[in-house]
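The primary structure of each chain is shown beneath.
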Amino acid sequence: MLMFKEEEKGLVPCGIPYIFHKLGDVDKNVMGPKPFIDLGGEVITEKVVDINLDNKIVKTEKGQEFTCEKLVFATGSQVVVPTFISGYDLKNVFYIKKSYNYIKQVFNELQFAKNITVVGGGFIGAEVAEQLALEPDKKVTLVESEPCCFSKAFSKDLCKIATEELHKTAIDVKTSTKVEKIIGIDGKVSSVKLSTGEELPCDAVIMAIGYKPNTELAQKSGLTVNKMGAIIVDNYERTNIKDVCAVGDCSQTIGFLTGRIDNVMLASTATAEARVLGHNLFGIRIKKNFNGTLAVFSTEINGLSMASAGVNDTNAAEANIEYVSATFTDVDTHPTFEDTHPLSVKLFASPLDGSILGGEVWGGKSAGEIINTISMAIQKGVTVYEMVSFQIGSHPLLTAAPTKTVLIKAAEMIIGQIAKK
Ligand SMILES: Cc1cc2nc3c(=O)[nH]c(=O)nc-3n(C[C@H](O)[C@H](O)[C@H](O)COP(=O)(O)OP(=O)(O)OC[C@H]3O[C@@H](n4cnc5c(N)ncnc54)[C@H](O)[C@@H]3O)c2cc1C
């Protein structure tokens, strides 16, 4: 088993924002291929520049050639570079690339920056801004074109809550605002011009406006991509060419409910796909249990955990999905304890059969796992009626009281709403 990678050291992508404060060091967020090597794998640290799909010949940038029996594209995603914004290529305009060498350089350069503008209030921009703003010597502005941050991941209500939480930090959050131009002096960023007319002085800009599938090599090799630029694969990550597969951010995702082409790029999705492929590379042996991708997002801003899965009011409107929803709020341990946190669950269910279509959770850290329970419920077609008899464990220090399990209470509220219809 051979793995080609561009850089010797790899970063834990989800940990990158925390390099800038909580970890405080790029090398604390490193992962390497040791587990793969321990299993007998061999790593070639060289960029692959050419692939002959017919003969399965892989050519590296140093001209080495390797022949293989099975070929898996796992080339991931790359940052969107806004060439339409003048000044995008000035010195000190940075991106959140999943590259050790690049982030090391960004980390070092940012040590000298006092005034930083982060462009894009999705979860990556918001997490990076939140971490940088915790550094005492930095003034951070977050610019987001939508009225609220996190608009691609959360419902309108949760976006509002998340944006309010960002406002409570030291970040200067500017929503409904676009960066129109990046201005430089002697080739280096000096300010950004906003759609409001304001000119914001800054000595560094971090662009966090999105990612796209990294499929140039795949396309050059002759693989077919969809309109999002992702490699088209079947249910088992197989392309239309025999023994050639694609997995992770570079491969196509299909909406869980709609079956339409989607563009989910998450580590949780990539690893689920990788497990499916790993078990089935030499023939389908384990039936894949999902035909569409359920995007499950989670984050924490200013100590508030927030998570979402599946349908919410925003994506339901886009795909014309009817739903009923209800929110229940209580606390995440028995209420008598001091370190308890508020916890809210909002469920979205079908108005006809009560099947759970989506959910959001916010409050204490347990939100991160409760959303995974909701994700399982959505994937298994669990209804709100079934949720009422869901058997749970409860402990005063660990969970909500069994009389008020937040997820179950939200399901009960939906039953009440359906009954009234
Ligand atoms: C800052 C940040 C935070 C994130 N947080 C979360 C989170 O909290 N939860 C979550 O689920 N997801 C999160 N994500 C998304 C997640 O990181 C991606 O979905 C995940 O990395 C996808 O994994 P992948 O293996 O498909 O691709 P990648 O991680 O992009 O890996 C692709 C690899 O292929 C290599 N490569 C590409 N081309 C070549 C070539 N020609 N030759 C050799 N090697 C090549 C690249 O160098 C790279 O190492 C985050 C992403 C970022 C950037």
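One structure accompanies this document, and this report is about it.

Quick notes on the rules
- Residues numbered from 1 in each chain as written.
- Predicted model: local features only at pLDDT ≥ 70, side-chain atom pairs only at ≥ 80, totals over all residues.
- Heavy atoms only, no water.
- Patch = residues over 30% accessible without salt bridge, like charges linked within 9 Å, V, L, I, M, F, W, Y side chains within 5 Å.
- Areas by Shrake-Rupley, 256 points an atom, 1.4 Å probe, with all protein chains shown as cover.
- Salt bridge = Lys/Arg side-chain N within 4 Å of Asp/Glu carboxyl O.
- Helix = DSSP H or I, 4+ residues; strand = E, 2+ residues; numbered from the N terminus.
- Buried < 20%, exposed > 50% of the residue type's maximum accessible area, 1.4 Å probe, protein only.
- Expected span 1.5 Å × (residues − 1).
- Arc of directions from axis to C-beta.
- Near = heavy atom within 4 Å.
- Polar contact = N/O pair within 3.5 Å; in protein donor to acceptor, adjacent residues only side chain to side chain.
- Nonpolar A, V, L, I, M, F, W, Y, C, P; charged D, E, K, R; others polar.
- Pairing = 2+ DSSP bridges.
- Axes fitted to C-alpha atoms, helices over the stretch in contact; angles between N-to-C directions.
- Contact = heavy atoms within 4.5 Å.
- Core = buried A, V, L, I, M, F, W, Y, C linked by side-chain atoms within 4.5 Å.
- Right-handed = clockwise from strand over helix to strand, strands pointing away.

Together, F337, L397 and L398 give the surface a local cluster of nonpolar side chains, amounting to about 310 Å² of exposed area. Within the secondary structure, L398 sits in the loop between α10 (384-388) and α11 (406-420). Exposure remark for L398: the relative accessible area of 65% places this residue in the exposed category.

Before going further, it helps to examine helix α7 (residues 267-280). With 14 residues, α7 ought to run about 20 Å at 1.5 Å a step, and its terminal C-alpha atoms sit 20 Å apart, in line with that. Among the residues of α7, those classed as buried are T269, A270, A272, E273, V276, L277 and N280. When α7 is viewed along its axis, its buried side chains cluster within an angular range of 165 degrees and face the same direction. Turned more than 90 degrees away from the buried face of α7 sit R275 and G278, all of them exposed.

As a further point, take the site of the ligand. The environment of the ligand is made up of 27 residues, and the closest members are E6, V48, K98, D249 and L266. Contacts to the ligand include A74, whose backbone N or O atom sits 3.4 Å from an oxygen atom. Out of a free accessible area of 1,000 Å², the ligand has 81% covered by protein chains. Within the residue set of the shell around the ligand, elements represented by two or more residues are β1 (2-5), α4 (123-133) and α7. Tallying contributions element by element places α7 first for the shell around the ligand, with three residues. Broken down by class, the residue content of the shell around the ligand amounts to 15 nonpolar, six polar and six charged.

For the rest of this paragraph, the subject is the sheet that holds strand β16 (residues 199-201). Spatially, the three strands line up as an open sheet ordered β14-β15-β16, and their pairing is antiparallel. Of all the strands in the sheet, just β14 (179-185) and β16 have a single pairing partner and so form its edges. Each strand axis lies, on average, 30 degrees off the axis of its neighbour in the sheet, ignoring direction. Bridging between β14 and strand β15 (residues 188-194) involves six bridges; their strand directions are antiparallel. Along β15, the bridge assignment pairs I185 with K188.

A sheet is described by the order of its strands in space; here five strands give the open sequence β22-β23-β26-β25-β24, paired in antiparallel fashion. Where the open sheet ends on each side, the last strands, each with one partner, are β22 (296-301) and β24 (324-331). Taking the axes of each pair of neighbouring strands and ignoring which way they run, one obtains an average angle of 10 degrees across the sheet. Pairing analysis gives six bridges linking strand β23 (residues 304-310) to strand β26 (residues 356-363), with the strands arranged antiparallel. Bridged to S305 within β26 is G363. Along the sheet, helix α9 (residues 367-379) contacts β22, β23, β25 (342-349) and β26; its crossing angle with β26, the most-contacted strand, is approximately 175 degrees.

Inside soluble globular proteins, nonpolar side chains tend to come together where they are buried. F20, L110 and I182 are the most contacted members of the largest nonpolar core, which has 60 residues in total. Residue contributions to this core peak at six residues, all from helix α3 (residues 100-110). The contact partners of F20, leaving out residues within four places of it in the chain, are I96, I103, V106, F107, L110, V128, Q131, L132 and E135. Counting 29 residues, the second largest nonpolar core, distinct from the first, contains L294, I370, M387 and A400.

Mapping T117 onto the fold places it in strand β11 (residues 115-119). Using a relative accessible area of 1% as the deciding quantity, one classes T117 as buried.

Checked against the element boundaries, E130 lands in helix α4. The class for E130 is buried, based on a relative accessible area of 9%. Separated by 40 residues in the primary sequence, E130 and A170 have C-alpha atoms spaced 8.0 Å apart. In contact with E130, not counting residues within four places along its chain, are T169, I171, E300, I301 and N302. In this structure the side chain of E130 is engaged in a polar contact, spanning 2.9 Å, whose partner is the side chain of Q131. A distance of 2.7 Å separates the side chain of E130 from the backbone nitrogen of N302, its partner in a polar contact.

A word on the pattern of salt bridges. Going through the model one piece at a time under the given rule, you end up with 21 salt bridges. Of the charged contacts in the structure, one is a salt bridge between K104 and D27, with a shortest N-O distance of 2.7 Å. Here the residue K104 occupies a position in helix α3, and D27 occupies one in the loop between α1 (16-19) and β3 (30-31), the gap between them amounting to 77 residues. K138 is the partner of D137 in a salt bridge, and the nearest nitrogen-oxygen pair spans 3.5 Å.

Before going further, it helps to examine unusual backbone geometry. Of note, the phi angle at K56 is positive, near 55 degrees, even though the residue is not glycine. By the secondary structure assignment, K56 is in the loop between β5 (48-52) and β6 (57-60). Unlike most non-glycine residues, D186 shows phi in positive territory, near 55 degrees. Within the secondary structure, D186 sits in the loop between β14 and β15.

What follows covers the pairing of strand β12 (residues 139-143). Where burial is concerned, most of β12 is hidden: four out of the five residues are buried. As for the winding sense of the linkage, the β-α-β connection from β11 through α4 to β12 is right-handed. As paired strands, β12 and strand β13 (residues 172-174) are joined by three bridges and run parallel to one another. Considered in β13, the bridge of T141 is made with D172. As for the winding sense of the linkage, the β-α-β connection from β12 through helix α5 (residues 156-167) to β13 is right-handed.

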